[in-house]
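# Results of the structural survey
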Amino acid sequence: AVQCPSRRWLNLQEYQSKKLMSDNGVRVQRFFVANTANEALEAAKRLNAKEIVLKAQILAGGRGKGVFNSGLKGGVHLTRDPKVVGQLAEQMIGYNLATKQTPKEGVKVNKVMVAEALDISRETYLAILMDRACNGPVLVGSPQGGVDIEEVAASNPELIFKEPIDIFEGIKDSQAQRMAENLGFLGPLKNQAADQIKKLYNLFLKIDATQVEVNPFGETPEGQVVCFDAKINFDDNAEFRQKEIFAMDDKSENEPIENEAARYDLKYIGLDGNIACFVNGAGLAMATCDIIFLNGGKPANFLDLGGGVKESQVYQAFKLLTSDPKCRVCFAKPSAQTLEKSASGAPSHLRVPVMPHPERRRSSCLGPGDGSPTSSLDDLYFRDPVEAILVNIFGGIVNCAIIANGITKACRELELKVPLVVRLEGTNVQEARNILSNSGLPITAAVDLEDAAKKAVACVAKK
């Protein structure tokens, strides 16, 4: 069987998503992208618009209420004067923008989007997503847009309309027209909206999206239907046939250690304790962290090895953690489903905000004392150094013997200095246990997860 390792989520900037839509016939505001203040000024002049909106481009929400370390307040500004665009861009580009969804020190802004500002006479909500219950794509819409759709669903569920789409037949004209009518578009606007809905569905299929969410999907006083803001989620398993799109992935905002981990198809979740966790699967990782916490310990992080594990990945995982004894795991993103399940009921050490893609949770990662973002792996550090490592693997797809060989190789070549507790179960587990027990290495074996957690916590208590 072919094993497909999980991939990190693709993140596109706002201007990239809008260009994808524009290139496929979806109506968006006219815009340009600028890398310097002078480029922003020239872009504003070229737009020749009555009003201009200037937006800092970072992969985080809350930009409008953010603050730059240049002193400028707000990452989104409206003006009628192109000269003001240049002045504002000068205070944005090259500076860090801090919002409620960035590290405390903010994220550096390298580009700004200069767009035509359009008045919105009415806002609606439209999304196309893959739905398990429908066994395929479904249109979801509401005449109440510009607000969180979850709030509308909770307070006015009758205002949520759904149209399941047959994946083989595609979207029908009648479905697009019915959704446009449900969204409240009348007269000529109804046909315009239906046409835009069909183009959005074609885009959804063409780019292998798992979700295209437009909020607001609005109309202007001039009688145009426009996609004012959109979020696109992609199927990472389709990377092999969406190379141009995945080449746009903006890694500039990632922590160095995240990029390093992604090279080996590994994923990190950074926490604040001192017991590091190696697991395979986000669900098992959450359970491992919980049981460490319940036994009096604190998980420092977990590293998700995924399903298609190779011996080299296990070695690289250990290498990442042990390259610097003070190395802090700074960033990770579990699946949205995992976050949704754990955010409300998890212990405090696991509570993280649930945010729609591409908005992401980041932990604060600073260089040694200067308050600036780190630029290399050697600059990272733990608040609490890792004092023990717990490996918890359930071998369904994963061959436990591969894990065991990777562990012993890493321990010998990297000269591991912290206690290592290993719990393995599943495919080839007996061979794996023999590899570990015959290695001559100081590896503590555990019979189950409870036993592993107790032994890991005990190792830390002794120190």
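Residues numbered from 1 in each chain as written. Predicted model: local features only at pLDDT ≥ 70, side-chain atom pairs only at ≥ 80, totals over all residues. Heavy atoms only, no water.

### Some points on the overall build of the protein chain
Counting its secondary structure elements, the protein chain contains 14 helices and 19 strands. The proportion of buried residues among the 463 residues of the protein chain is 51%. Counting only carbon and sulfur atoms, one obtains 50% of the accessible surface of the protein chain, whose full area is about 21,400 Å². (Helix = DSSP H or I, 4+ residues; strand = E, 2+ residues; numbered from the N terminus. Buried < 20%, exposed > 50% of the residue type's maximum accessible area, 1.4 Å probe, protein only. Areas by Shrake-Rupley, 256 points an atom, 1.4 Å probe, with all protein chains shown as cover.)

### Focus: the environment of Pro-164
Within the secondary structure layout, Pro-164 lies in strand S10 (residues 161–164). Setting aside anything within four residues of it in sequence, one finds Pro-164 in contact with Cys-134, Pro-137, Val-138 and Gln-175. (Contact = heavy atoms within 4.5 Å.)

### Thoughts on a nonpolar patch on the surface
Taken together, the side chains of Ile-167, Phe-168 and Leu-205 define a hydrophobic patch exposed on the protein surface, amounting to about 340 Å² of accessible area. Structurally, the position occupied by Ile-167 is in the loop between S10 and helix H5 (173–182). (Patch = residues over 30% accessible without salt bridge, like charges linked within 9 Å, V, L, I, M, F, W, Y side chains within 5 Å. Salt bridge = Lys/Arg side-chain N within 4 Å of Asp/Glu carboxyl O.)

### Some points on the confidence of the model for the protein chain
Summing up the model confidence of the protein chain, the mean pLDDT is 83 and the portion of residues at 70 or higher is 82%. H5 holds the highest mean pLDDT among the elements of the protein chain, 98, whereas helix H11 (residues 336–342) holds the lowest, 37. Here residues 324–383 is a poorly scored stretch, pLDDT under 50, and it has 153 contacts once near neighbours within four places are set aside; other chains count. (pLDDT = per-residue confidence, 0-100.)

### What about the nonpolar core?
Of all hydrophobic cores here, the largest spans 42 residues; its most connected members are Leu-126, Leu-139, Ile-197, Leu-200, Phe-217 and Phe-234. When residues in this core are grouped by element, the largest group, eight residues, is from helix H6 (residues 188–206). Once residues within four sequence positions are removed from consideration, Phe-234 is found in contact with Leu-10, Leu-12, Leu-20, Ile-207, Asp-208, Ala-209, Thr-210, Ile-245 and Phe-246. Of all hydrophobic cores here, the second largest spans 33 residues; its members include Tyr-315, Val-398, Ile-407 and Ile-443. (Core = buried A, V, L, I, M, F, W, Y, C linked by side-chain atoms within 4.5 Å.)

### Thoughts on the packing of helix H2 (residues 37–47) against helix H3 (residues 82–90)
Taken N-terminus to C-terminus, the directions of H2 and H3 make an angle of 155°; their axes are 8 Å apart at the nearest point. Between H2 and H3, the angle is such that the two are roughly antiparallel. In the crossing of H2 with H3, the sense of the turn from one axis to the other is right-handed. Residues Ala-37, Ala-40, Leu-41, Ala-44 and Lys-45 of H2 form the contact with H3, whose own contacting residues are Pro-82, Lys-83, Val-85, Gly-86, Ala-89 and Glu-90. Considered class by class, the residues forming the contact of H2 with H3 number seven nonpolar, one polar and three charged. (Axes fitted to C-alpha atoms, helices over the stretch in contact; angles between N-to-C directions. Parallel < 35°, antiparallel > 145°, perpendicular 65-115°, else oblique. Left-handed = near helix turned anticlockwise from the far one by under 90°. Nonpolar A, V, L, I, M, F, W, Y, C, P; charged D, E, K, R; others polar.)

### Some thoughts on H2
Residues of H2 that are buried: Ala-37, Ala-40, Ala-43, Ala-44 and Leu-47. Along the axis of H2, the buried residues cluster in a sector spanning 120°; they form a single face. Facing away from the buried side of H2 by over 90 degrees, the exposed positions are Asn-38 and Arg-46. Buried residues belonging to H2 abut strand S1 (31–34), strand S2 (52–56), H3 and strand S7 (112–116). Asn-48 sits one or two residues past H2 and shows a positive phi near 50°. (Arc of directions from axis to C-beta.)

### Quick word on the packing of aromatic side chains
Between two aromatic rings, the relevant description is the distance of the centres plus the angle of the planes. Scanning all chains against the criterion turns up four aromatic pairs. Ring centres 5.7 Å apart and planes at 75° place the aromatic pair Phe-185 and Phe-217 in the edge-to-face group. Of this pair, Phe-185 sits in the loop between H5 and H6 while Phe-217 sits in strand S11 (residues 209–219); the two residues are 32 residues apart in sequence, bridging distant segments of the chain. You'll find Phe-185 and Phe-217 in the same group, each marked buried. Between the aromatic rings of Phe-234 and Phe-246, the centroid separation amounts to 6.5 Å while the plane-to-plane angle is 65°, which identifies the pairing as edge-to-face. Within this pair, whereas Phe-234 is found in strand S13 (residues 230–234), its partner Phe-246 is found in helix H7 (residues 243–246), the two being separated by 12 residues in sequence. The cationic tip of Lys-409 hangs over the ring face of Tyr-315; the distance from NZ or CZ to the ring centre is 4.9 Å. (Phe/Tyr/Trp six-rings, centres within 6.5 Å; stacked < 30°, edge-to-face > 60°. Lys NZ or Arg CZ within 6 Å of the ring centre and 35° of its normal.)

### Considerations on the pairing of S11
Every other side chain in a regular strand lies on the same face of the sheet, so the side chains alternate between the two faces. Extensive coverage of S11 is indicated by the burial of eight of its 11 residues. Summarising the sheet, strand S8 (residues 122–131) and S11 pair through seven bridges and their orientation is antiparallel. Pairing of Leu-126 across the sheet is with Val-214, part of S11. Pairing of S11 with strand S12 (residues 225–227), which is carried by three bridges, proceeds in the antiparallel orientation. (Pairing = 2+ DSSP bridges.)

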